[in-house]
Amino acid sequence: MAVCKVGELSTVTLPARAAPLRTLASTDHKRVAVGAGAVAFAFFIAGGVLALVMRSQLAADGGVVSQDTYNQLFTMHGSTMVYLFVVPVALAAGLYFVPLQVGAAAVAGPRMALAGLWLLVFGGLAMWAGFLTSGGAAAASWWGFDPLSDAIHSPGSGVELWIFGVVLATAGQMLWAGCVLVTALRCRAPGMTLMRMPVFTWSMVATCLLVVFAFPALIVALALLWAQRHFGGVLDGGLGAVDYQQLFWFYGHPVVYVMFFPFIGMVGEVVATFCGRRFFGHSAFILALLAFAGLSMTVWAHHMFTMGQVTNKYFALTSTALIVPAGIEYLDLLGTIWRGRLRFSAAFLFALGFIVQFLVGGLTGIVLASPPLDYGLNMSYFVVAHFHYTIFAGSAFGLFAGVYYWFPKVTGVLLRERLGKLHFLLMAIGTNLAFFPMFVLGAEGMTRRIADYPSSSGWQSLNELETVGAGVIALSILAFVVNVVVSLRARQAAGDDPWQGQTLEWATSSPPPRHNFHALPPIRSFAPLLDLREDSEDLLAGERAPA
Amino acid sequence: MADSLHAYEHVRGIYFPIAIGVFALVLATLLLLLVRGRLRQTAPGRTADAPRFEIGYALLLACTVAFLIVVTFRSETPIDRTAAHPAVRIEVTAAQWSWVFTYAGGATVSDVSSWQPSVALVPVGQEVEFYGRSRDVIHGFWVPQLHFQRQFLPEYPTRFDLRFDKPGRYGGVCSVFCGDRHAQMHFALEAVSPARFQRWLGEHARRWPSARSAS
């Protein structure tokens, strides 16, 4: 189909060492996606360093940084992780693997995909440039709530740069979502019907629908905030503050699922592959994803229960109803492990980490969806613990499951399994040390976004424990970086299909050629390569025991 | 009756055991599957779905949702309700970075934020009406011991009732990030007998406008 043809090759030839430069002018979805993944990972490291400084401050009884610096740190930590790392890396994975999984030769709109990469780079640089201004970076939290973020209460260019940065990065994400969505809907290979798309591709479809419908609300909110800062009269008074939050959370809740669906999709692929069996309940999983996406557009004001300005019961109802699709997804993951023949690779361990730890985040989310409980826990460290269990203990583990699984496809070489298992072990220990005590502190009354707390509160020792956990997480990431460097230097060739994969990306070379496939296998289900293996097993069994 | 404390404890008493039970069930199932899958010698199963089981399971989930929602709705209604004739009315004004408690009759407890705030008194066991607003950005009025918080919006008042069943000190804190001294923005309420409360209020009103702290 015309929308998905391979773009003309660049007429400019650059030397092989100028690979990053070539990425910035590439129309190959794989190259752009790897570039986006690398940029997002750099922001992950940067945001992680901010978190380590914050943790030192909270363990050291204040005194490491000033209150104002601390406010910049948590604002930029949250903004970096959401706008510049988790969402971009999720969409980058879709940009790389959705065309491969549906058997397309290219992504739809390759130049738009490239523009998304530029927008991410410029957006991120604009946001971080705040640190170079005299007033410092934005310090009004990653929500940028009016009126705290207006020109009176947050003067200076930090918030201005933050607004530009977020808008640019978000616009780029919308371009990516459009490319990936159109690729899945319009560029599938013959035989690849919608219901034969793998779970990861379906999770990206749900994700991109959310991006397309919800992300414009953020751009509108930030445009209004900008107008308020410069001209006033847009978001005035108490109701202006409520309006900003309505718009912000109309983006801000769906984005939570943008930071979840792709990773449960990756976990689904990893679990099916390393259990050596077909994904269980594929159709139910897809229906659950779509129901999840639809419902998630209706739950935003559960972030506003304590404002007293929204119909709390309605949002409690829709939020609690998320139990149904989430429960079905969990059943399907467990059902895939059932009667599987398991291989405990690093990727599979990370997938198991996702399943167990995300559950903690999900169940506490149901707790917070009940207003009588939210009145007692909102804005406390209980909430901080909750969303770090979903985004870090959940999604980041899902991401690393995907990285260990797909790294051989992208680079052609295997990551070291033993280093990968060390990475998993350290990250699991560090994550639970860092985030579990936050549930206790929050229930005891520790509020978010404070650089210091009274020594009489008795919170010091748990905070120290969390800081140790953060350090262990940092070590685990170091183990990952070492693994990548070692694996790329002393190369162990992966071959086309090192894991006995089931989906089409494993039916081509590693890395795939410019046009993705030389030939495609027949597509009769959502696991075409498994079909072939099962056919030959049946044939062998038939020969051994003729009826 | 604005009894946030008991509503919270009631809902928590139902939600938390269910959440812990679900977590334990999933973990136990997962471990069982992992052990069996690790020992498996034969070819993996090929069951790709089980529609009847999945539908039944979805219905079970829907029933769980219905049950939780009934618990939540029944507990929330009394928290949100405000009394027609509260015993006391207190206007609370939050600003960067202070709390001001103004009682009918003019008594005022105000405080530039610190970790040792002045104490505002409330009567034990009676319905206390709060009428809260902010003078600048959004602030959060949170009394952790009562498991209650409400955001104060700029120049747009919010009303809620609270009841303090036990005498004693109730610490409070600003829960919504509001700028540089957010962490120091504490307040303190002390629940005393209605008789003592009235005495304090009378003395305090006479000393107005220089009234500062009590007890």
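Residues numbered from 1 in each chain as written. Chains lettered and ligands numbered in written order. Predicted model: local features only at pLDDT ≥ 70, side-chain atom pairs only at ≥ 80, totals over all residues.

Right, let's talk about the overall build of chain B for a bit. Counting secondary structure elements, chain B contains 3 helices and 10 strands. The helix and strand sequence of chain B, counted from the amino end, reads α-α-β-β-β-β-β-β-β-β-β-β-α. Relative to its length of 215 residues, chain B is extended, with a C-alpha radius of gyration of 25 Å against a globular reference of 17 Å. If one aligns the C-alpha atoms of chain B with their principal axes, the spans along those axes are about 85 × 40 × 30 Å. (Helix = DSSP H or I, 4+ residues; strand = E, 2+ residues; numbered from the N terminus. Rg over C-alpha atoms; globule rule 2.2 N^0.38 Å.)

For chain A, the helix and strand inventory stands at 18 helices and 0 strands. In terms of C-alpha radius of gyration, chain A reaches 23 Å, essentially the compact-globule figure of 24 Å for 547 residues. Along the longest, intermediate and shortest principal axes, the C-alpha atoms of chain A span 80 × 50 × 45 Å. For chain A, long-range pairs separated by at least 24 residues make up 84% of all intrachain contacts whose partners lie at least 6 apart in sequence. (Contact = placed C-beta atoms within 7 Å.)

The next thing to look at is the interface of chain A and chain B. Note: interface size is frequently given as the accessible area lost on complex formation between the parts. The partner chain B presents 64 residues to the 69 residues of chain A that form the contact. Among the elements of the structure, helix 3 (67–101), helix 7 (237–252), helix 10 (282–296), helix 11 (312–321), helix 12 (323–337), helix 13 (346–368) and helix 14 (371–377) of chain A are those that each provide at least two residues to the side of chain A that touches chain B. In terms of residue count, helix 12 of chain A provides more of the side of chain A that touches chain B than any other element does, 8 residues in total. Of the residues assigned to the side of chain A that touches chain B, the class counts are 38 nonpolar, 21 polar and 10 charged. (Nonpolar A, V, L, I, M, F, W, Y, C, P; charged D, E, K, R; others polar.)

Here the focus is the sheet that holds strand 10 (residues 186–192) of chain B. Two orientations exist for strands paired in a sheet by backbone hydrogen bonds: parallel and antiparallel. Residue and element names in this part refer to chain B. Spatially, 5 strands are ordered 4-10-9-6-7 in an open sheet, and the strand pairing comes out mixed. Each having just a single partner strand, strand 4 (119–123) and strand 7 (148–152) make up the two edges of the open sheet. Across this sheet, the average inter-strand angle for adjacent strands is 25 degrees, counted without regard to direction. (Pairing = 2+ DSSP bridges. Axes fitted to C-alpha atoms, helices over the stretch in contact; angles between N-to-C directions.)

On to the nonpolar core, then. One finds L95, V180, V267, F350, A351 and A401 of chain A to be the most contacted residues of the largest nonpolar core, which totals 254 residues. Here this core gets 21 residues from one element, more than from any other, and that element is helix 3 of chain A. The residue makeup of this core includes at least three contributed by each of domain 1 (4–80) and domain 2 (88–207) of chain B. Apart from residues lying up to four places away in sequence, L95 of chain A is in contact with H29, V32, A33, A36, V107, A113, W176, C179 and V180 of chain A. (Core = buried A, V, L, I, M, F, W, Y, C linked by C-beta atoms within 7 Å. Buried ≥ 20, exposed ≤ 12 C-beta atoms within 10 Å, placed from the backbone. Domains from an automatic or database assignment.)

What follows deals with the domain arrangement of chain B. Here the domain parsing of chain B yields domain 1 (4–80) and domain 2 (88–207). Spacing between the C-alpha centres of domain 1 of chain B and domain 2 of chain B amounts to 40 Å.

All names here are of chain B. Read across the open sheet, the 5 strands follow the order 3-2-1-5-8; overall the sheet is mixed. Each of the sheet's edge strands pairs with one partner strand only, and the pair in question is strand 3 (108–112) and strand 8 (158–163). Direction aside, the axes of adjacent strands within the sheet are offset by 20 degrees on average. The pairing of strand 1 (residues 88–95) with strand 5 (residues 127–134) spans 7 bridges and is classified as parallel. In the sheet register, V88 faces strand 5, and the bridge partner there is V128.

Moving on to the confidence of the model for chain B. Residues and elements named next belong to chain B. Scored by pLDDT, chain B comes out at a mean of 90, with 95% of its residues at no less than 70. Within the model, pLDDT remains below 50 along residues 210–215, and this stretch shows 15 contacts once partners closer than five positions in the same chain are excluded. Interface confidence in the predicted complex, given as ipTM, is 0.93; pTM for the same model is 0.95. (pLDDT = per-residue confidence, 0-100.)

An ideal rise of 1.5 Å per residue puts 20 Å on 14 residues; helix 9 (residues 261–274) of chain A measures up with 20 Å between its terminal C-alpha atoms. Backbone geometry just after helix 9 of chain A places G276 of chain A at a positive phi near 60 degrees. (Expected span 1.5 Å × (residues − 1).)

Residue and element names in this part refer to chain B. Here 2 bridges tie strand 6 (residues 139–143) to strand 9 (residues 168–174), and the two strands are oriented antiparallel to one another. Looking at the pairing, F141 lines up with C174 of strand 9. The pairing of strand 9 with strand 10 spans 6 bridges and is antiparallel. Its bridge partner lying in strand 10, G168 is registered against A191.

To continue, consider the packing of helix 11 of chain A against helix 2 (residues 51–80) of chain B. Contact pair helix 11 of chain A / helix 2 of chain B: the axes reach a minimum separation of 10 Å and the direction vectors enclose 160 degrees. Put simply, helix 11 of chain A runs roughly antiparallel to helix 2 of chain B. Between helix 11 of chain A and helix 2 of chain B lies a crossing of right-handed hand. Contact residues: helix 11 of chain A offers N312, K313, A316, L317, T320 and A321 of chain A, while helix 2 of chain B offers V65, L68, I69, T72, F73 and E76 of chain B. (Parallel < 35°, antiparallel > 145°, perpendicular 65-115°, else oblique. Left-handed = near helix turned anticlockwise from the far one by under 90°.)

End to end, helix 10 of chain A covers 21 Å across 15 residues, agreeing with the expected 21 Å (1.5 Å per residue, within 8%). Those residues of helix 10 of chain A that fall on the buried side of the exposure criterion are H282, A284, F285, I286, A288, L289, F292, A293 and S296 of chain A. Where the residues of helix 10 of chain A are buried, they touch helix 6 (199–230), helix 8 (254–258), helix 9 and helix 12 of chain A together with helix 2 of chain B.

Before going further, it helps to examine the pairing of strand 6 of chain B. Each regular strand shows side chains that alternate between the opposite faces of the sheet. All names here are of chain B. Taking burial as the measure, the 5 residues of strand 6 include 5 buried ones, the bulk of the element. Both strand 6 and strand 7 contribute to a ladder of 5 bridges, which runs antiparallel. If you follow V143 over to strand 7, its bridge partner there is F148. Counting the residues that bridge the hairpin from strand 6 to strand 7 gives 4 residues, and of these H147 lies at a positive phi of roughly 55 degrees.

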